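Structure assessment
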Amino acid sequence: MKFIWSLLLLAFCLNANAQKQDIKAIKEAVEFLAADELKGRETGTEGEDKAAKYIAKKFKEMGLKPMGTEGYFQDFSVTPKANPHSENPDTTQEPINGKNVVAFLDHGAELTVVLGAHYDHLGMGAEGSLYAGKEQQIHNGADDNASGVALVLALADELSDKKYKQFNYLFIAFSGEEKGLWGSNYYSKNPTIDLEKVNYMINFDMVGRLDKDKGLAINGVGTASNWMENIEEANTEKLKLITSESGVGPSDHTSFYLVNIPVLHFFTGQHSDYHKPSDDADKVNFEGIAILENMVLALIEATEEDGKLIHQETKADKKDTPRFTVTLGVMPDYMFQGDGMRLDGVTDGRPASNAGFEAGDIVIQMGEHKVDGMQTYMKALSNFKKGDKAMVKAKRGEEIVEYEVTF
């Protein structure tokens, strides 16, 4: 009996040490990618190039096979459309060159699992920044999305273990996500492996803020019939899951869903540092990323007996998303599960702030339109145009507040 207890204690110590090593590697990756020296990793810049080389170096150290078109790199070029509202809308903009970083772990299996995350960010505050200051500042993007890349690297290191040989694994760090899913769109149309043999794709975008409530959003659960059963089996940490069916969203899994591959998108929630210079490494929950790593490994094991997952179209895809031309100037709380649309942040100088709304308010009505969630919020917005005024009602604690908003 004493011998058995000694073995159990040894196993526990080995597991604890391995977990510490994982967290250390995750922290190292986030801190490198989110360092000021990389100046925000905007697509096509020297900082992004340094990030790409760092990721490729890590893949090489793990012994992964290069699966780009030039070693680990898959170069692409995009010429952005000129602003139609500029004084000279016919001016052709200069092409922007990006590169995906692609590696393959070949277990000789019939099917391949794709694990991806984007490594680009907003540089000094490119289009998409929510920073209200006048001077340019570096947008390091520690959560968005150094956290996702760190998780991909951690998984790449772990999946070489023989117990995960039911699948091959393709690891992709995408460029150009912030510009409009450029890198993933390019890869899905110019794949370096046979996409017919891809079982599914999991995308990690903003996975660095797992909080004390352990809230995790997983999007795309309707893209294969098996997903929810497998996710529930893998959720041994009892994370508070917020799921949505749609395979379409503002991140790289969309590009794979649109070529008929089942997808999932892991996301630990929006926060007030989103697309601002304050999204730094010291705010990332490294232990939380390691918890997600264990869940993904368990999810992969849960799918091993299912064969090839069958892609399903989801109801809430892009064509069903309401089109709107105005916003409140707020940051929605995508993890909120109650009735209404909770404000995670309010941008100074925008309609909601000007009217008097505050972070934490829960919008329940806009004009005559009821709001019970994100979809009805977007549908309500689609009824307004610039210059319109509407009374907007929200819950603030136990009170109901109502302000007139000018869009």
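As a starting point, this report considers the structure included with it. (Residues numbered from 1 in each chain as written. Predicted model: local features only at pLDDT ≥ 70, side-chain atom pairs only at ≥ 80, totals over all residues. Heavy atoms only, no water.)

1. With respect to the packing of aromatic side chains
Taken as a whole and assessed by the stated rule, the structure comprises 12 aromatic pairs. Relative to tyrosine 54, the ring of phenylalanine 32 has its centre 4.1 Å away and its plane inclined at 15°; by these criteria the two rings are stacked. Of this pair, phenylalanine 32 sits in helix α1 (residues 2-33) while tyrosine 54 sits in helix α2 (residues 46-61), and the two are 22 residues apart along the sequence. Since its relative accessible area comes to 32%, phenylalanine 32 is described here as partly exposed. A centroid spacing of 6.3 Å and a plane angle of 25° characterise the contact between tyrosine 187 and phenylalanine 256, whose relative ring orientation is stacked. Of this pair, tyrosine 187 sits in helix α5 (residues 182-189) while phenylalanine 256 sits in helix α7 (residues 253-257), and the two are 69 residues apart along the sequence. Look at phenylalanine 256 and you get buried, because its relative accessible area is 0%. (Phe/Tyr/Trp six-rings, centres within 6.5 Å; stacked < 30°, edge-to-face > 60°. Helix = DSSP H or I, 4+ residues; strand = E, 2+ residues; numbered from the N terminus. Buried < 20%, exposed > 50% of the residue type's maximum accessible area, 1.4 Å probe, protein only.)

2. A closer look at the pairing of strand β12 (residues 362-366)
In summary, the side chains of a regular strand alternate between the two faces of the sheet. Buried residues dominate β12, accounting for 5 of its 5 residues. With 2 bridges connecting them, strand β11 (residues 341-346) and β12 associate as antiparallel partners. Bridge pairing in β12 places methionine 341 opposite valine 363. Relative to strand β14 (residues 389-396), β12 runs antiparallel, the two sharing 4 bridges. Counterpart to valine 363 in the pairing with β14 is alanine 394. Where β12 meets strand β13 (residues 369-370), 2 bridges bridge the pair, whose relative direction is antiparallel. From the neighbouring strand, methionine 366 faces β13, where its bridge partner is histidine 369. (Pairing = 2+ DSSP bridges.)

3. Remarks on the pattern of salt bridges
With the rule as written, the count across this model stands at 15 salt bridges. Across the pair arginine 209 and aspartate 273 runs a salt bridge whose closest N-O atoms are separated by 3.0 Å. With arginine 209 in the loop between β6 (198-204) and β7 (215-219) and aspartate 273 in the loop between β9 (263-267) and α8 (286-302), this residue pair connects regions lying 64 residues apart in the sequence. Exposure class is identical for arginine 209 and aspartate 273. Each is buried. Residues joined by salt bridges that share partners form a network here, namely Glu28, Lys57, Lys58 and Glu61. (Salt bridge = Lys/Arg side-chain N within 4 Å of Asp/Glu carboxyl O.)

These values are about where atoms sit, not about what they do.
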